[in-house]
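The primary structure of each chain is shown beneath.
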Amino acid sequence: MELDDNAGTGGHVPVMLDRVLELLGPALSGPEPVVVDANLGLGGHSEALLAAFPSLHLIGIDRDPFAIDFSTRRLAPYAGRTTLVHASSGDLAQIVAEAGHPTVHGVLFDLGVSSPQLDEAERGFAYSYDAPLDMRMDTDQELTAERVVNTYPAADLVRILRDYGEERFAPRVAGLIVKERAKEPITSTKRLADIVRDAIPAATRRTGGNPAKRTFQALRIEVNAELSALEAALPAALDALALGGRVVVLSYHSLEDRLTKQALTARTKDTSPPGLPVPLPAHQPRFRLLTRGAELPSDEELARNPRAASARLRAAERIRVDD
């Protein structure tokens with residue numbers, strides 16, 4: 001997609017930028033630090049990191065060709081210190097190895113959907129526009145939301161809506177989708193949003209925002225295999241961190257945050273058998289948490305950047321390496 005340098009940015013402001021820099025900073029103070037931006041997007045976090053740390057090398061990963069194109073231009077002043085890769089974050093281990101940096105000093109995950117994907121109607125992510133039912137982050141892949149909606153069995157639709165969208169009326173929504181697609185394929189965001197609204201009880205529709213929100217979230221996660229990518233990428237990122245290296249994760253819905261919490265908690269626990277007089281070194285935690293629970297954006301940030309409202313930040317530091 002050819003867009004000018006300001007197209008689709010929607011006044012983009014990187015989420016919790018100051019806190020991200022504060023948390024990653026101590027890990028990037030060495031002579032030749034390497035950081036991975038696992039969800040490059042518009043490159044806002046990456047640009048700030050490159051500006052703040054003059055010897056930093058950045059590896060940026062994104063599935064969206066537009067994000068790679070846009071960030072290549074945005075980060076052009078730092079071209080000698082960047083490696084930008086069109087790929088899924090789920091391939092992180094292979095990407096850092098091929099970049100010649102199997103050990104890194106910082107990793108940032110800024111999860112979810114980016115501003116251009118929401119703001120460009122033809123991408124089909126948003127229920128606020130009438131557009132083709134697409135939702136692909138990687139426009140080269142075959143699976144689209146239209147295919148999911150029109151070909152998945154009812155039971156699979158229920159599972160996706162319940163598990164990924166936390167939609168309590170998943171059976172009703174899936175049932176109406178199946179009924180309506182039998183009359184005519186569902187190909188537009190507006191028609192799908194209308195179907196979802198009709199499936200949700202009227203009393204529920206009166207509160208909680210647009211009733212299609214949860215269904216669209218669920219379809220987006222399914223189309224882009226977002227949770228499976230995170231399940232692969234986060235352990236790979238932790239494994240790649242050098243001693244003193246840090247990971248920061250920005251999540252935007254409870255499923256991402258839950259996966260992040262589980263992965264970080266598992267690495268920060270002492271796994272020695274109970275009752276031993278002294279802990280066993282092999283069972284000592286390899287990481288320590290840098291945040292108490294999930295940190296939320298400040299009121300000042302929310303006033304400046306309303307899209308940060310659902311952000312949850314967690315971070316950890318490697319404190320031990322395996323012998």
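First things first, this report covers the structure right here in the doc. (Residues numbered from 1 in each chain as written. Predicted model: local features only at pLDDT ≥ 70, side-chain atom pairs only at ≥ 80, totals over all residues. Heavy atoms only, no water.)

1. What to know about the overall build of the protein
- The helix and strand tally for the protein stands at 14 helices and seven strands.
- The C-alpha radius of gyration computed for the protein amounts to 21 Å, which stays within 12% of the reference 20 Å derived for 323 residues, consistent with globular compactness.
- If one aligns the C-alpha atoms of the protein with their principal axes, the spans along those axes are about 65 × 55 × 40 Å.
- Split into buried and exposed, the 323 residues of the protein put 52% on the buried side.
- Across the protein, every contact between residues at least 6 apart in sequence was considered, and the portion connecting residues at least 24 apart equals 71%. (Helix = DSSP H or I, 4+ residues; strand = E, 2+ residues; numbered from the N terminus. Rg over C-alpha atoms; globule rule 2.2 N^0.38 Å. Buried < 20%, exposed > 50% of the residue type's maximum accessible area, 1.4 Å probe, protein only. Contact = heavy atoms within 4.5 Å.)

2. Topic: the environment of Met16
- Inspection of the secondary structure assignment puts Met16 in the segment before α1 (17-24).
- In this view, Met16 contacts Leu250, Glu295, Leu296, Pro297, Glu301, Ala311 and Leu313; residues no more than four positions away in its chain are not counted.

3. Considering the sheet that holds strand β3 (residues 82-86)
- Strand order in the open sheet formed by seven strands is β3-β2-β1-β4-β5-β7-β6, and the pairing between neighbours is mixed. Edge positions in the sheet fall to β3 and β6 (287-289), since each has one partner strand and no second. With direction set aside, neighbouring strand axes in the sheet form an average angle of 15 degrees.
- The pairing of strand β2 (residues 57-62) with β3 spans five bridges and is parallel. Bridge pairing in β3 links Gly60 to Leu84.
- Packing against the sheet, helix α3 (residues 65-74) makes contact with β2 and β3, and its axis sits at approximately 160 degrees to β3. (Pairing = 2+ DSSP bridges. Axes fitted to C-alpha atoms, helices over the stretch in contact; angles between N-to-C directions.)

4. Notes on the packing of aromatic side chains
- According to the stated counting rule, one finds one aromatic pair in the structure shown.
- Ring centres 5.8 Å apart and planes at 40 degrees place the aromatic pair Phe66 and Phe70 in the tilted group. Of this pair, Phe66 and Phe70 both sit in helix α3, four residues apart, roughly one helical turn.
- Taking the relative accessible area as the measure of exposure, Phe70 reaches 6% and is therefore buried. (Phe/Tyr/Trp six-rings, centres within 6.5 Å; stacked < 30°, edge-to-face > 60°.)

5. Examining the packing of helix α7 (residues 154-165) against helix α8 (residues 170-183)
- Closest axis-to-axis distance for the α7/α8 pair is 8 Å, and the angle between their directions is 135 degrees. What the angle tells us is that α7 and α8 run oblique. Classified by chirality, the crossing of α8 by α7 is right-handed. From α7, Ala154, Leu157, Val158, Leu161 and Arg162 reach across to α8, where they touch Ala170, Pro171, Val173, Ala174, Ile177, Val178 and Arg181. (Parallel < 35°, antiparallel > 145°, perpendicular 65-115°, else oblique. Left-handed = near helix turned anticlockwise from the far one by under 90°.)

6. A word on unusual backbone geometry
- Located in the positive-phi region is Met16, a residue other than glycine, with phi close to 50 degrees.
- Met16 gets classed as buried once you look at its relative accessible area, which sits at 5%.
- One non-glycine residue, Glu166, lies in positive phi territory at about 50 degrees.
- With respect to the secondary-structure elements, Glu166 resides in the loop between α7 and α8.
- Classification of Glu166 as partly exposed rests on a relative accessible area of 39%.

7. What to know about the nonpolar core
- Among the nonpolar cores identified, the biggest contains 60 residues, and Val36, Leu92, Val107, Phe109, Leu192 and Val247 are the most heavily contacted of them.
- Here this core gets eight residues from one element, more than from any other, and that element is helix α12 (residues 226-240).
- Apart from residues no more than four positions distant in its own chain, Leu192 is found in contact with Leu133, Val149, Ile177, Ile186, Phe216 and Leu219.
- Of all hydrophobic cores here, the second largest spans 25 residues; its members include Val15, Leu24, Leu108 and Leu290. (Core = buried A, V, L, I, M, F, W, Y, C linked by side-chain atoms within 4.5 Å.)

8. Focus on the pairing of strand β4 (residues 104-110)
- Within β4, six of the seven residues are buried, which leaves it mostly tucked inside the rest of the structure.
- Both strand β1 (residues 34-37) and β4 contribute to a ladder of three bridges, which runs parallel. Across the sheet, residue Asp37 finds its bridge partner in β4, namely Leu108.

9. A look at the side chain of Arg286
- By secondary structure assignment, the location of Arg286 is in the loop between α13 (254-267) and β6.
- A polar contact is formed between the side chain of Arg286 and the backbone oxygen of Gln284, at a distance of 2.7 Å.
- Once residues within four sequence positions are removed from consideration, Arg286 is found in contact with Arg267, Pro281, Glu317, Arg318, Ile319, Arg320 and Asp322. (Polar contact = N/O pair within 3.5 Å; in protein donor to acceptor, adjacent residues only side chain to side chain.)

10. Examining the pattern of salt bridges
- Taken as a whole and judged by the stated rule, the model has 18 salt bridges.
- Of the charged contacts, one joins Glu47 and Arg74 as a salt bridge, the two residues approaching to 3.0 Å between their closest N and O atoms. Placement of Glu47 in helix α2 (residues 44-52) and of Arg74 in helix α3 is noted, with a sequence separation of 27 residues between them. (Salt bridge = Lys/Arg side-chain N within 4 Å of Asp/Glu carboxyl O.)

What is shown is where atoms sit, not what they do.
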